[in-house]
Amino acid sequence: MENILTILYLDDINIIIYFLKTFLMGLCIYYTFAHILNIKPIFNIKCFFVFFFTLIIAYFDTKIRSNSFTHSIFFVLSLSILYYMITTNKLGYTILVTVASFSLNKVVYFFSIIIDYIFNAIFGVQNDLVNLILIYIIHFILLCFLFNIKRFKKGFTFLKKDLNNEYFDLLISGISTIVLFSSTLINKNYSMDLRLSVSIIFIILAIIMFITIRTSLTLYYKHSLLVKDLNETKAELDKKNLELEKLEKENLEFSKTSHSIAHKQRALEYKLNQLMMKNEIADELDISDRIKEVSAEFFDNKVVAVLPKTEISEIDDMLEFMQSECINNNIDFELQLNGNIHHMVNTFIPKETLQILLADHIKNSIIAINNSDNVNRSILVKLGLIDNYYSLYVYDSGIEFESDTLKELGKKPITTHADSGGTGFGFMNTFDTLKKYKASLIINELNPPCKDNYTKVIVIKFDNKNEFIVDSYRTVKTK
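Predicted, not measured: the structure shown is a model, and the values here were computed from it. (Residues numbered from 1 in each chain as written. Predicted model: local features only at pLDDT ≥ 70, side-chain atom pairs only at ≥ 80, totals over all residues. Heavy atoms only, no water.)

Novice: Before we move on, could you go through the confidence of the model for the protein and cite the residues and values that matter?
Specialist: Chain-level statistics for the protein give a pLDDT mean of 75 and a share of 64% at 70 or above. Taken element by element, the predicted model of the protein shows its lowest mean pLDDT in helix α1 (residues 2-8) (48) and its highest in strand β3 (residues 389-396) (95). (pLDDT = per-residue confidence, 0-100. Helix = DSSP H or I, 4+ residues; strand = E, 2+ residues; numbered from the N terminus.)

Novice: Can you explain the nonpolar core? Please cite residues and give values.
Specialist: The biggest cluster of nonpolar side chains holds 41 residues, and the ones touching the most others in it are Phe333, Ile362 and Ile379. Broken down by element, this core gets its largest block of residues, 7 residues, from helix α13 (residues 351-370). With residues up to four places along the chain from it excluded, the contact list for Phe333 reads Leu307, Leu319, Gln323, Cys326, Ile362, Ile379 and Val381. If you look at the next biggest cluster of nonpolar residues, it comprises 33 residues, including Tyr31, Leu37, Tyr83 and Tyr109. (Core = buried A, V, L, I, M, F, W, Y, C linked by side-chain atoms within 4.5 Å. Buried < 20%, exposed > 50% of the residue type's maximum accessible area, 1.4 Å probe, protein only. Contact = heavy atoms within 4.5 Å.)

Novice: Could you give an account of the packing of helix α5 (residues 91-123) against helix α6 (residues 128-148), naming the residues involved and the relevant values?
Specialist: For the pair α5 and α6, the least separation of the axes is 8 Å and the interaxial angle reads 125°. Judged by the angle between their axes, α5 and α6 are oblique. Every pair of crossing elements has a handedness; the one defined by α5 and α6 is right-handed. Counting all contacts with α5, which are made through Leu104, Asn105, Val108, Tyr109, Phe111, Ser112, Ile113, Ile115, Asp116, Phe119 and Asn120, the residues of α6 involved are Asn131, Leu134, Ile135, Tyr136, Ile138, His139, Leu142, Leu143, Leu146 and Phe147. Broken down by class, the residue content of the contact of α5 with α6 amounts to 15 nonpolar, 5 polar and 1 charged. (Axes fitted to C-alpha atoms, helices over the stretch in contact; angles between N-to-C directions. Parallel < 35°, antiparallel > 145°, perpendicular 65-115°, else oblique. Left-handed = near helix turned anticlockwise from the far one by under 90°. Nonpolar A, V, L, I, M, F, W, Y, C, P; charged D, E, K, R; others polar.)

Novice: Give a detailed account of the pattern of salt bridges, specifying residues and quantitative values.
Specialist: Applying the stated criterion across every chain, the model contains 3 salt bridges. Two residues, Lys456 and Asp396, come together in a salt bridge whose shortest N-O distance is 2.9 Å. With Lys456 in strand β5 (residues 456-461) and Asp396 in strand β3, the pair connects residues that are 60 residues apart, well separated along the chain. (Salt bridge = Lys/Arg side-chain N within 4 Å of Asp/Glu carboxyl O.)

Novice: Tell me about the sheet that holds β3, and name the residues and values.
Specialist: The sheet built from 6 strands is open, its strands ordered β1-β2-β3-β5-β4-β6 with mixed pairing. Unpaired on one side and paired on the other, β1 (332-338) and β6 (468-472) mark the two borders of the sheet. Geometrically, the sheet is characterised by an average inter-axis angle of 10° between neighbouring strands, direction not taken into account. Relative to strand β2 (residues 378-386), β1 is paired through 7 bridges, and the arrangement is parallel. What sits directly across from Leu335, in β2, is Val381. (Pairing = 2+ DSSP bridges.)

Novice: Talk me through the pairing of strand β4 (residues 440-445); I want residue IDs and the actual numbers.
Specialist: Buried residues dominate β4, accounting for 5 of its 6 residues. Strand direction decides the pairing type here: β4 and β5, joined by 6 bridges, are antiparallel. Each residue of the ladder has a partner; that of Ile443, found in β5, is Ile458. As paired elements, β4 and β6 share 5 bridges and run parallel to each other. Among the inter-strand pairings, Ile442 is bridged to a residue of β6, identified as Ile469.

Novice: Please provide a residue-by-residue account of the packing of aromatic side chains, values included.
Specialist: For the structure shown, the criterion picks out 16 aromatic pairs. Pairing Phe52 with Phe53 gives two aromatic rings, centres 5.3 Å apart and planes at 85°, and the pair type is edge-to-face. With a centroid separation of 5.3 Å and an interplanar angle of 80°, the aromatic rings of Phe431 and Phe468 are classed as edge-to-face. Placement of Phe431 in helix α15 (residues 425-437) and of Phe468 in strand β6 is noted, with a sequence separation of 37 residues between them. Look at Phe468 and you get partly exposed, because its relative accessible area is 25%. Pairwise contacts between aromatic rings join Tyr30, Phe33 and Tyr83 into one cluster. (Phe/Tyr/Trp six-rings, centres within 6.5 Å; stacked < 30°, edge-to-face > 60°.)

Novice: Tell me about α5, and name the residues and values.
Specialist: Here α5 is 33 residues long and its end C-alpha atoms lie 46 Å apart, about the 48 Å a rise of 1.5 Å per residue gives. With its phi angle positive at about 65°, Gly124 sits one or two positions after the end of α5. (Expected span 1.5 Å × (residues − 1).)

Novice: Mind laying out the side chain of Ser372, listing which residues take part and the relevant values?
Specialist: In this fold, Ser372 is placed in the loop between α13 and β2. Given the relative accessible area of 10%, Ser372 is considered buried. Apart from residues lying up to four places away in sequence, Ser372 is in contact with Ser397, Gly398, Ile399 and Pro449.

What follows is the structure, encoded as structure tokens:
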């Protein structure tokens, strides 16, 4: 064992041996540093830079010839600064990896000496320089073998800078420091018993270091697999959410379209009934007497006011149908036209879209009135040029909007009167129309339900401003 320790401290025999040993150790540390961080290729233009400055560091370390502990500190800090200059890593992180590389090489160097001792015992090599060269040949072969192990080929992944492995960093740095400190105690200035004890501790720590590295890698790979599974699950969930969002959007568009078609369908049904009642096709179907009976029952002696005509058949048919809906619900319906409606549908809004706007908001007014106890049951529609803007005004004497309903208007289908036929799609269609034609929506709540006035008015004004304004007697104005 004494011969082994004599070989271990060849640096105390000859200054040239000390310099050569320090230089070769520096090269081995860089080789380990590069492998730990998976730097490819290792032998590049930076390698010459490292080679040159490692010579300088070894020279100054030889000049100082300090004790082992001071030597280790100087060597680690010098190499860390060198590696910091040739990489993009932070200095603290570089020191951590350099310490790990240094301690790993101390362990490999120790086992290289043991193997060299066996060669010495067989061949009896006594030349210090030959012993040093043989030790570092064995040292380099052991490093190559270590980094050819499949798990270590891509470096120590748990030490890579792009990962947050604080616990691994602390564990490796702690063990590395203990290994380096233990190696400094194996010194010829101490008694043989102490040196043997420290050597045994050093071997145990070396084994613990390799087990720790192996365990850390295993934990890292398990963690990586878990993260990968989580990322894949998250990606799949995001994909499903996108598909669900797409389906919900398609369903919403379909519902809005169905809602609009339903208005048109009912208006056409009403128009067909009117034609049949006027005997325009009754004779051909031979059901004129039955139609007259249905007509009498339908109108039930109610006086139906003749509405002013826009001269646009689709608009007139829808207004007549909504008038019939009001009659069936005992609601007075009045229509006022201003200006040229043809100009309105040719310039500001297509007749098909205006037809749906009329149906949606008159239907909403009917629902509001049916949910009110007000004796006044009236709806007034103004259409055309009003206050210098082509607009649609719908007055009614029904209940006011609920606060939550006002907040969600246009954002999602919302209704508090689903049992009365409300769907919430009327305002969804309205806000789409406002955005498309840059019109403004004004909700003006005039007063509580009363017998001699309307409670609110819905104004759709084609003013190219696309505003949404709520003006209520209950609250201040909001936009």
